[in-house]
Amino acid sequence: MSQQDGFKKFHGTAGYIASPALVDAVNCAIALERPLLLKGEPGTGKTVLAKHVAEGLGLKMLSWHIKSTSKAAEGLYVYDTVQRLNDSRFGTGDVSDIRRYIKLGPLGQAFASPERVVLLIDEIDKADLEFPNDLLRELDEMRFTIVETGEEIVARHRPIVIITSNNEKELPDAFLRRCIFYYIEFPDPALMRRIVAVHHPHLDAKLLDQVLIKFYWLREQRELRKKPSTSELIDWIAALVRAGVSIEKVEQHIPFVGALLKKEHDVDALQRYDAAGGRFPKSWAELGPRYNQ
Amino acid sequence: MFLDLFYGLREEGVPVGIQEWLTFLEALDRGLHGSSLLGFYQLGRACLIKSETYFDAYDRVFARVFRGVEGAYGEEVVDKVLEWLRNPKNFPNLTPEQLAALERLSHDELMRRFLETLEKQTERHDGGDKWIGTGGRSPFGHSGQHPTGIRVGGPPRSRSAMKVAEERRFRDYRTDLSLDVRQIRVALRRLRQLTRSGEATELDLDRTVDETCRNAGEIELVFRPPRRNDVRLLLLMDVGGTMDPYFEPVSQLLTALHEERGLRAFEAYYFHNCVYEHVYSRARMYREDAVPTGDLLRRLDRRWKVLIVGDAAMHPAELLEPFGNIDPRRVSATPGIVWLQRIAAHFDRAVWVNPEKPAYWDADTCRIIRKLFPMFYLSVDGLTEAVQALVGARGVSLGQAH
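Residues numbered from 1 in each chain as written. Chains lettered and ligands numbered in written order. Predicted model: local features only at pLDDT ≥ 70, side-chain atom pairs only at ≥ 80, totals over all residues. Heavy atoms only, no water.

1. Thoughts on the overall build of chain B
Scanning chain B for helices and strands turns up 16 helices and 13 strands. In chain B, 67% of the contacts between residues at least 6 apart in sequence involve partners at least 24 apart. Accessible surface computed for chain B: about 19500 Å², of which carbon and sulfur atoms make up 50%. (Helix = DSSP H or I, 4+ residues; strand = E, 2+ residues; numbered from the N terminus. Contact = heavy atoms within 4.5 Å. Areas by Shrake-Rupley, 256 points an atom, 1.4 Å probe, with all protein chains shown as cover.)

2. Examining the overall build of chain A
Of the regular secondary structure elements, chain A holds 13 helices and 9 strands. When contacts within chain A are restricted to residue pairs at least 6 apart in sequence, those whose partners lie at least 24 apart make up 73%. Of the roughly 13600 Å² of accessible surface on chain A, 49% is carried by carbon and sulfur atoms.

3. Points about the packing of aromatic side chains
According to the stated counting rule, one finds 21 aromatic pairs over all chains in the structure shown. Ring plane angle 65° and centroid distance 5.7 Å describe the contact between Trp21(B) and Phe24(B), whose orientation is recorded as edge-to-face. Taken together, the positions of Trp21(B) and Phe24(B), both in helix α2 (residues 18–29) and 3 residues apart, correspond to about one turn of that helix. Through a chain of ring-to-ring contacts, three or more aromatic side chains come together here, namely Phe6(B), Tyr7(B), Trp21(B), Phe24(B), Phe40(B), Tyr41(B), Tyr58(B) and Phe62(B). The ring centre of Phe186(A) lies 3.4 Å from the NZ or CZ of Arg219(A), which sits over that ring. If you follow Arg45(B) out to its NZ or CZ, it ends over the ring of Phe55(B), 4.1 Å from the centre. (Phe/Tyr/Trp six-rings, centres within 6.5 Å; stacked < 30°, edge-to-face > 60°. Lys NZ or Arg CZ within 6 Å of the ring centre and 35° of its normal.)

4. Considering the environment of Glu232(A)
Residue and element names in this part refer to chain A. For Glu 232, the location among the structural elements is in helix α11 (residues 230–243). Judged by its relative accessible area of 7%, Glu 232 falls in the buried class. Taking the C-alpha atoms as reference points, Glu 232 and Gly 43, 189 residues apart in sequence, are found 9.0 Å from one another. Those residues in contact with Glu 232, other than ones at most four positions away along the chain, are Lys 226, Lys 227, Ala 259, Leu 260 and Lys 262. (Buried < 20%, exposed > 50% of the residue type's maximum accessible area, 1.4 Å probe, protein only.)

5. Remarks on the layout of surface pockets
The computed volume of the second largest pocket comes to approximately 1400 Å³. The wall of the second largest pocket is formed by 41 residues, among which Ser68(A), Thr69(A), Ser70(A), Lys71(A) and Glu202(B) lie closest to the centre. Elements with a contribution of two residues or more to the lining of the second largest pocket: α3 (72–76), β3 (77–79), α4 (81–90) and α6 (131–134) of chain A together with β3 (194–196), β4 (202–203), α10 (205–214) and β6 (227–229) of chain B. The element that contributes the greatest number of residues to the lining of the second largest pocket is α3(A), accounting for 4 residues. Residue classes in the lining of the second largest pocket are distributed as 16 nonpolar, 6 polar and 19 charged. (1 Å grid on protein atoms, 1.4 Å probe; cavity = no way out; pocket = protein on both sides within 12 Å on 5 of 7 lines; lining within 4 Å. Points joined across faces, edges and corners; volume = space filled by probe spheres on them. Nonpolar A, V, L, I, M, F, W, Y, C, P; charged D, E, K, R; others polar.)

6. Some words on the pattern of salt bridges
All names here are of chain B. Summed over all chains, the structure comprises 25 salt bridges over all chains. With a closest N to O distance of 3.4 Å, Arg 60 and Asp 56 form a salt bridge. Here Arg 60 pairs with Asp 56, and both are found in helix α4 (residues 55–66), just 4 residues apart, close to one helical turn. You can call Arg 60 partly exposed: its relative accessible area is 22%. The exposure class assigned to Asp 56 is buried, which follows from its relative accessible area of 0%. Where Asp 230 meets Arg 232, a salt bridge forms, and the shortest distance between an N and an O atom there is 3.1 Å. In this structure Asp 230 comes out as buried when scored by relative accessible area, which is 15%. (Salt bridge = Lys/Arg side-chain N within 4 Å of Asp/Glu carboxyl O.)

7. Let's talk about the nonpolar core
Core analysis: the biggest nonpolar cluster contains 86 residues, and Leu36(A), Leu49(A), Leu5(B), Leu9(B) and Phe24(B) have the highest contact counts within it. With 10 residues, the top contributor of residues to this core is helix α1 (residues 20–32) of chain A. (Core = buried A, V, L, I, M, F, W, Y, C linked by side-chain atoms within 4.5 Å.)

8. Quick notes on the confidence of the model for chain A
Detailed reading of the predicted coordinates is not advisable wherever pLDDT is low. The share of residues in chain A with pLDDT of 70 or more is 96%, and the mean pLDDT across the chain is 84. Scored below 50 in pLDDT, residues 1–5 of chain A makes 6 contacts in the model with residues more than four places away or belonging to other chains. (pLDDT = per-residue confidence, 0-100.)

9. Some points on the pairing of strand β9 (residues 180–184) of chain A
Each regular strand carries side chains that alternate between the two faces of the sheet. Residues and elements named next belong to chain A. Within β9, 5 of the 5 residues are buried, leaving the element largely enclosed by the surrounding structure. Burial along β9 is two-sided: Ile 180, Tyr 182 and Ile 184 and Phe 181 and Tyr 183, pointing in opposite directions, are all buried. Alignment of strand β1 (residues 36–40) against β9, held across 5 bridges, turns out to be parallel. Its bridge partner being in β9, Leu 38 is matched across the sheet by Tyr 182. (Pairing = 2+ DSSP bridges.)

10. So, the environment of Ile337(B)
Residues and elements named next belong to chain B. In this structure, Ile 337 sits in helix α14 (residues 336–346). The sequence separation of Ile 337 and Cys 274 amounts to 63 residues, and the corresponding C-alpha distance is 8.1 Å. Those residues in contact with Ile 337 that sit more than four places away from it in its chain are Leu 319, Leu 320, Ile 368 and Leu 372.

11. Quick look at the side chain of Arg349(B)
All names here are of chain B. Among the structural elements, Arg 349 can be located in strand β12 (residues 349–354). Salt bridges are absent for the buried Arg 349, whose nearest opposite-charge side chain, Asp 348, sits at 6.4 Å. A polar contact is formed between the side chain of Arg 349 and the backbone oxygen of Leu 390, at a distance of 3.2 Å. (Lys, Arg positive; Asp, Glu negative; His and termini not counted. Polar contact = N/O pair within 3.5 Å; in protein donor to acceptor, adjacent residues only side chain to side chain.)

12. Details of helix α2 (residues 46–57) of chain A
All names here are of chain A. Compared with an ideal rise of 1.5 Å per residue, which puts 12 residues at 16 Å, α2 spans 17 Å between its outermost C-alpha atoms and is within 8% of the ideal. Taken together, the buried positions of α2 are Lys 46, Leu 49, Ala 50, His 52, Val 53, Ala 54 and Leu 57. The inward-facing, buried residues of α2 abut α1, β1, β2 (60–65), β5 (117–122), β8 (160–165) and β9. Note on α2: the residue one or two positions beyond its end, Gly 58, has a positive phi of about 70°. (Expected span 1.5 Å × (residues − 1).)

13. Things to note about unusual backbone geometry
When glycine is set aside, most residues are seen to have a negative phi, and most peptide bonds are trans. One non-glycine residue, Glu123(A), lies in the positive phi region at around 55°. Structurally, Glu123(A) is set in the loop between β5 and α6. Owing to a relative accessible area of 24%, Glu123(A) belongs among the partly exposed residues under this scheme. Positive phi outside glycine occurs at Asn273(B), with the angle close to 70°. Within the secondary structure, Asn273(B) sits in the loop between β8 (265–271) and β9 (278–280). Judged by relative accessible area, which is 5%, Asn273(B) ranks as buried.

Written as structure tokens, this is what we have:
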């Protein structure tokens, strides 16, 4: 109980709409000094959260975007042997100082930073299966040794680590045990309105209503191989607005469906439904009580 | 009561260990739950559960364990209980009357009171936790194939933890029930064995330094082949007849396999009910699509992994007797079982994935086939186990999936 208020709390920022539960999870991770693992469908604002946590707490942010070829060691430091070899061959640099060829990675920088930082490890599931396990010790102890120089880097302040995952791979259990976990749910229509308003501030309210009805209706369809996400909705609205499609048309049909559905199978299924005289909902009530507004 | 949550989760198969539990206790100790049951619910979920697929289990266990704590006594007692939870010795802080009241209440009574409270709270957003059906609304002609329904969700604020738990919004995320292409792909990701082979495109640093030194400082770059997946997969798929009801999960599996770029080689063939002299390169199974099964066995070496998808349900004669092929146009003197035995013997690893629920696996033919191939249920969990049996270390619970 002694440390109840011993840490800086995150309260959300003006530019990020975070649910109270998410704010609690962030604070829990900060208080317990554990990495926060965020999962959720694409377009639910996982990556942006780190930026706003940094902003809200007035800290610097470092990001480490993971690719399929990323190695855990790269996050700590990279020893540029080839450059050193090259320098020694052509005499272009001081080869004797090995530290010139050691470049700290994002995790290394976060440890070495004189002040506390927010470290975003983005899309950790893109990397190799064993990648998260290779980071366990470093994240636990917040220290590592540069083998080439024997220098030890110890974090002066434990960074706030935020990790995002798109669920492309399962993460190892040992890694999960150390994380605080939060799953960001897909935005509900009310939240979606606010999100759309950021991108299309002058959209006709009636049109937006129809657009959202169609969008959530599509997402309800089990047969879809790939559900449309927020970014696809934003693109779709842009297409509708540019083409000047009337509200009536959006009421009856789903024009430019290619902006929403990206799989041939899904487009076919919708066309078959349309050809068979299937109805598209025009009001929230038709989507069922979950969407009663 | 508190430990009931822990053991309840473990009983539900949620991987929660001492480490998570201690994290949770530490978080409670720091008052991170903000002394409300909802905060407690969310904190517990963040600390104990590490995958949305277990949220539903958490909701069920939470609702079971803490049913009646809320509403019946109000927040004050909830706080007291929470305090006790944090430190069991403080439990006597409840007044004797409260304690007695706690004991007097039967489970049904708790439930009733809880529901009453719930009703009062939820009037505003219509009906609260009544199930609503969506079957028949499905647009693609699969009416009735919708899941049983969705719960009515209210606005995120002003909801009680119990209601959140009872809503079970994460039902669809359970991996032991549902399947979608993405989840299948995740399960299939494990289907890999890394080896170095092929073209040398990756810089081998150690040998480069070594060679450069030998070369008196003249840089000598050495390359090696990158590590890549060495898994070759042969898919044999039962189509038509009794497999028709499983069209959807099976086609999702097929989509996922075709999207799986990591495999070194992948071939898919079809059969009807059982494998005989021929398998077919297309699901329509025309004569020109036929490929002699013997050819496959000659061409593909034992390193190929075999994944057979089928319900293993057929007339015993189709499996055991000569000329058992149900298709009269195709004569097969060798009984199907012999072909299956040849496949099982030829390849190092072969598994059978069955879209039918394990409860129905005791048909005669299914039992015989299970002796030849380890059988797994076509769910995300089942597929993960099947993949493990294909590439995992030897002796890992082969054939004991269900």
